[in-house]
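Residue-level structural notes
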Amino acid sequence: MSKFKQLHSYQIGEEELHVFRLSSVINSSGKDTLCKIFQWGCQKPEGMSLREYLVNCKGMPTKIFQRNFNKAQIHKIETDHTGKTYDITLLFICIQLACANLAPKHDPIWLTHDDSRLESIINDLKQLRNIVFHSHLQNMTQNEMVKKMEELRNLLTNSLKVAGSLYQQPCEEIEEHIRHINDLINETRDSPLSPAALQWHSKNNGIAIDHMKMILSDSGTSELRRIYEMESQVDPVTLLTGGKSLEISSIFTKIEMVYDTRQKISMEPNYENILDIRNSVGKKPSIILVEGVAGTGKTTLCKLLLSDWSKHSNLISGLDQCDLLFHIRCRDSTITSFMEFLLSRLPKTSLHFKDEDLIKSVLSLKVLVIVDGLDELNSSSKRLVNELLHKHFKGNTENLRMICTTRPESISVLYKMVPSGVELCHLKLAGISKDRMTEFVTKLDQGMKRSGMSTKDTEGLINFLRTSPRLSEHFRLPLNLVLMTYLWVAHPNAVKWLTSATSLYTTYMKFTQEKLIERLNRKKQDLCVESIEKRYTEFLEALYRESLLALQKDKLSLERESIDHLVDVCRKLHLPSAELFSATLTHRESYTQSEYSERFSFPHKGIQDFYSALYILTTLTKTDVEKTIENITRGIKKALETRYISADVCTDIIKFAENRISAALSKPKSIYEVIEELNQEEQEELHLNKYQNILMHLAGLLTKKSNMLEKYAEEIVNFLVKSGVRNPEQWLNVLTEAECNPVLAEHISKVIFKDRWKVRDGNIQAASALLKFVKVENIELDISNDPQSLPGFVELLHQVSQFECVIQLYLHHHWRHIEMDCSDDFLNHLKVQQHHTGLQVTKIMVSVKNISVLFPTLDILYLGIGKEYVENTVDSPDYLTTRMTKLQFLYLHVLARVPLEVLPQLPKKMLMVDLWFSSVKDEDVEWVGKATLKLQGVKIIFWSIRFPRSELTVNGCKLLATHLEGVRLGMSGVQVSSSRIKAVEVEELNPIFLMKLRSTLKLISEADIWEL
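Residues numbered from 1 in each chain as written. Predicted model: local features only at pLDDT ≥ 70, side-chain atom pairs only at ≥ 80, totals over all residues. Heavy atoms only, no water.

Most of strand β16 (residues 889–895) is tucked away: six of the seven residues are buried. With six bridges joining them, strand β15 (residues 860–865) and β16 adopt parallel strand pairing. The partner of Ile 860 across the bridge, within β16, is Phe 889. In this sheet, strand β17 (residues 912–918) lies alongside β16 in parallel orientation, the contact comprising seven bridges. Residue pairing in the sheet places Leu 892 in a bridge with Leu 915 of β17. (Buried < 20%, exposed > 50% of the residue type's maximum accessible area, 1.4 Å probe, protein only. Helix = DSSP H or I, 4+ residues; strand = E, 2+ residues; numbered from the N terminus. Pairing = 2+ DSSP bridges.)

Right under this line is the structure:
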């Protein structure tokens, strides 16, 4: 029996059957009549979908079409071109939008009662249907039923007559339909219901399955959307914003996404196509697992899905096909079953259903379930997710899909839970790419100003992000960029010295402390600043302990006992608890009819991790043995006093305790002992995988303590191995946080995998430190900034060239900015060493002066041809054709107006090439056409032709289509980034491009135009 509502035995009454008779006629005759009117009045060719007719023939913009129909209706329109399977609601909309000789949708005639106007008649029919199906009409006398039947008969008959006349249908056909309707009404009204009908009615409580779906699609969707309007708001640093929130869609920036190397996926994943991803055999997986470390944007991605679905924004492809979207937060411990979950999310809609009918109806629709935070699973949420996977996924993977997020340490949780035969796709979030970091900060800055959170300019921060070569890879994480932006607004100078996540969080803590002490100093004028600081430090030590305790219990919120303890600490320190809590925790209040509750939580799981690391650090470095003994023995004395034990015995016990405690404290504690000691108090099982992010912060914090990291380096590495750290990039990040400490590097070198490393800008020095102890078999150098400005890059390149390994070198700055520097010096260095060490270079992204510096062994080449190539070229133009026989993929970037005669010949074989022409103006389009045709040769197909940093106008694009006519163009078509073209103008250009190139023109952002 449900926890939320009681189920009673169900019996059919005579008056309820009258409602059933009326609803049956509406469902059958009403639908058939509207379908016939739609077929008479809609002039679309047979076999053409309504979408195609409205958009292509009647000129309706796609967004307007999507605004008029929900996801289920669009699916129905695409699969049935006749209208025979449409319900009354869908047929009504189709008639409004597609039938000839009717007033526009919003014309008052639709709402005016007029028996001579078709608009009025079919609106009356729809209103009658709504009264029966939406007003909770459960009982009706026989007289009321007969009266409504006659009202319905008149509406149906009149609508056929008026429509038949309007659309010039033969009188015989009109009369035949009217006769059929009259027979069906009379039969349904007067004949006894068959046993089969009664059995069906009893089983479904008098409500048709289609009607159940309709209630869920209408009422259920509306309920969920109201919830998601709030849940899609973001406020990751409420301590700095004062609780103000931002709309996710206004600040969301594309997060880099890659697939797990074990997965075989047919497309590059991103948030826009996450629901369209298919495996190697073209099948969409039922479950998508999104992995990411703390702060990568897992919850932000979930909120974007909620916002996009609820607002019909159409940012995420395929999301509009989901009838219902459910959001499960694994930290929630109050719900244990899917039924409880549905009743909590659909409190009003669920009143229309029996429990078993509610689940059955939900699962008959297209449903997406978002499970956020598998690393925060508790016993309750685990039961809920298990039920979904093992009870409802079986045999229903066509309708039910799931997106799950988790930290790396909890990946195995889902793999163990997923039943056999259910397809799973594993993706990883890698943060915001270097070239999008400024886009994110700009959006955040604009959102802050709109919400009144800031009035300061962040242009300086944007310049800092563009030019700073010392930022670690942790600054690719959205949470850290948010913290940095807020800190910049308050203390720009402090931000300029940040290089690691640990230094960022330390600065964040210092800033919140300064604000708090400033407030307390005004209120507690009897205390000096030094005294307030000392007392606040004592409070923080207590808070850090509670943070680790909560983390061990998989809780982001503090339990009542912990809150009471912290309040007591504040009372003893004579500091206001409300002020101290507001500086360190978030506060949420909730009210019900029976009670008031409040919840204190950590602002973000990443900040809770940092608090926990500070507790371990404080415990490891604490030297005040006497004070510790005093605090412990005070508690022992208090306990002994309550037992009325004699003074002599008490003294002996206290003396014994002091000696044992002193001996224990004189011995240095290990990190494991600190964690285990606290864990034993709660008698919880110790799960080491919870501590990965804590240990990363701890390594950074110990770096600031003299010789402390050297002391604990081996234990940190061993602990991280046991916690599940495997990826070399994770080890590089740990070492970067620890400022590339050589002792830590030596210990990491013993456990890091040597088969393949990926090194980005922020981890160059960490990789260099490790290569002093170990050799790697395959290394990818993925460098976004100017390599000349990056500390340690030249040394790293020299190191990897000293031994036999496979190298992939991606110099994004050189390839994109071909009007500036070239990569020849770096390539020449590798070429010289190649003869001595046998290293192999298989993939590169560069710009060159001379093509001869390229390696014949390349299978993937990103090649930039710019100013210095034109000025210095001495190569034979057939170098790519004669020497680079292994080349499979070519991504060619050419600066506008490069002389045609110096363009290289491309290989004379079937090869897919993506082509970029940068800085193109209207007057350059003839050159573009000639250059493209020359590069194309006989067999080349250009998968896309792109124009970054262009100044093209609408007229220039029209000429471009003419000059590109005859070019073999792939599916991605022509893409332009230009501030001189408006989005609405692209609709004018696309017919031209379709006619001349059989492909479309896309206007996209400067950041997007470089992505494949």
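Pairing is parallel in the open sheet, where ten strands are placed in the order β11-β12-β13-β14-β15-β16-β17-β18-β19-β20. Of all strands in the sheet, those with a lone pairing partner are β11 (757–760) and β20 (1001–1003), marking the two edges. Strand-to-strand twist in this sheet, taken as the mean axis angle between neighbours without regard to direction, amounts to 15°. Pairing analysis gives six bridges linking strand β12 (residues 778–783) to strand β13 (residues 806–811), with the strands arranged parallel. (Axes fitted to C-alpha atoms, helices over the stretch in contact; angles between N-to-C directions.)

Not every positive phi belongs to a glycine, and Gln 168 is a case in point at roughly 55°. Position of Gln 168 among the secondary structure elements: in the loop between α7 (142–166) and α8 (171–190). Its identity is not glycine, yet Glu 739 carries a phi of approximately 55°, on the positive side. Of note, Glu 739 is situated in the loop between α32 (728–737) and α33 (742–749).

Let us look at helix α30 (residues 692–703). With twelve residues, α30 should reach 16 Å at 1.5 Å per residue; the first-to-last C-alpha distance of 17 Å fits that figure. With eleven of twelve residues buried, α30 is to be regarded as a mostly interior element. Buried residues of α30: Gln 692, Asn 693, Ile 694, Leu 695, Met 696, His 697, Leu 698, Ala 699, Gly 700, Leu 701 and Leu 702, and no others. (Expected span 1.5 Å × (residues − 1).)

As a further point, take helix α26 (residues 605–621). The end-to-end C-alpha separation of α26 is 24 Å, in line with the 24 Å expected for 17 residues at 1.5 Å each. Of all the 17 residues making up α26, 15 are buried; the element is thus mostly covered by neighbouring parts of the structure.

Here we take up the pattern of salt bridges. For side chains of opposite charge, pairing can occur when their charged atoms come near one another. Under the defined criterion, the tally for this structure stands at 47 salt bridges. A salt bridge links Lys 148 to Glu 151; the shortest N-O distance between them is 3.6 Å. With Lys 148 and Glu 151 both in helix α7, this residue pair falls three residues apart, about one helical turn. Since its relative accessible area comes to 35%, Glu 151 is described here as partly exposed. (Salt bridge = Lys/Arg side-chain N within 4 Å of Asp/Glu carboxyl O.)

For strand β18 (residues 941–947), a buried count of five out of seven residues is recorded, marking the element as mostly surrounded by other parts of the structure. By the bridge criterion, five bridges tie β17 to β18 in an arrangement that is parallel. By the bridge assignment, Trp 916 is partnered in β18 with Arg 946. Handedness of the crossover joining β17 and β18 through helix α40 (residues 925–936) is recorded here as right-handed. Bridging between β18 and strand β19 (residues 969–976) involves five bridges; their strand directions are parallel. (Right-handed = clockwise from strand over helix to strand, strands pointing away.)

Under the definition given, this model contains 25 aromatic pairs. Ring geometry for Phe 793 against Phe 826: centres 5.4 Å apart, planes inclined by 75°, an arrangement best described as edge-to-face. Note that Phe 793 is positioned in helix α35 (residues 793–800) and Phe 826 in helix α37 (residues 824–837), a separation of 33 residues in sequence. Assigned by exposure class, Phe 793 and Phe 826 land together as buried. Measuring from centroid to centroid gives 5.0 Å for Trp 815 and Trp 916, while their planes differ by 80°, and the two rings are edge-to-face. A residue pair is termed long-range when its members are at least 10 positions apart, and Trp 815 in helix α36 (residues 812–816) and Trp 916 in strand β17 qualify at 101 residues. Taking relative accessible area as the criterion, Trp 916 reaches 0% and is therefore assigned buried. Ring pairs connect the aromatic residues Tyr 810, Trp 815, Tyr 862, Tyr 891, Trp 916 and Trp 1010, which therefore count as one cluster. Above the plane of the ring of Phe 92 lies Lys 126, whose end atom (NZ or CZ) is 5.2 Å from the centre. Looking at Arg 225, its charged tip hangs above the ring of Trp 309, at a distance of 4.6 Å from the centre. (Phe/Tyr/Trp six-rings, centres within 6.5 Å; stacked < 30°, edge-to-face > 60°. Lys NZ or Arg CZ within 6 Å of the ring centre and 35° of its normal.)

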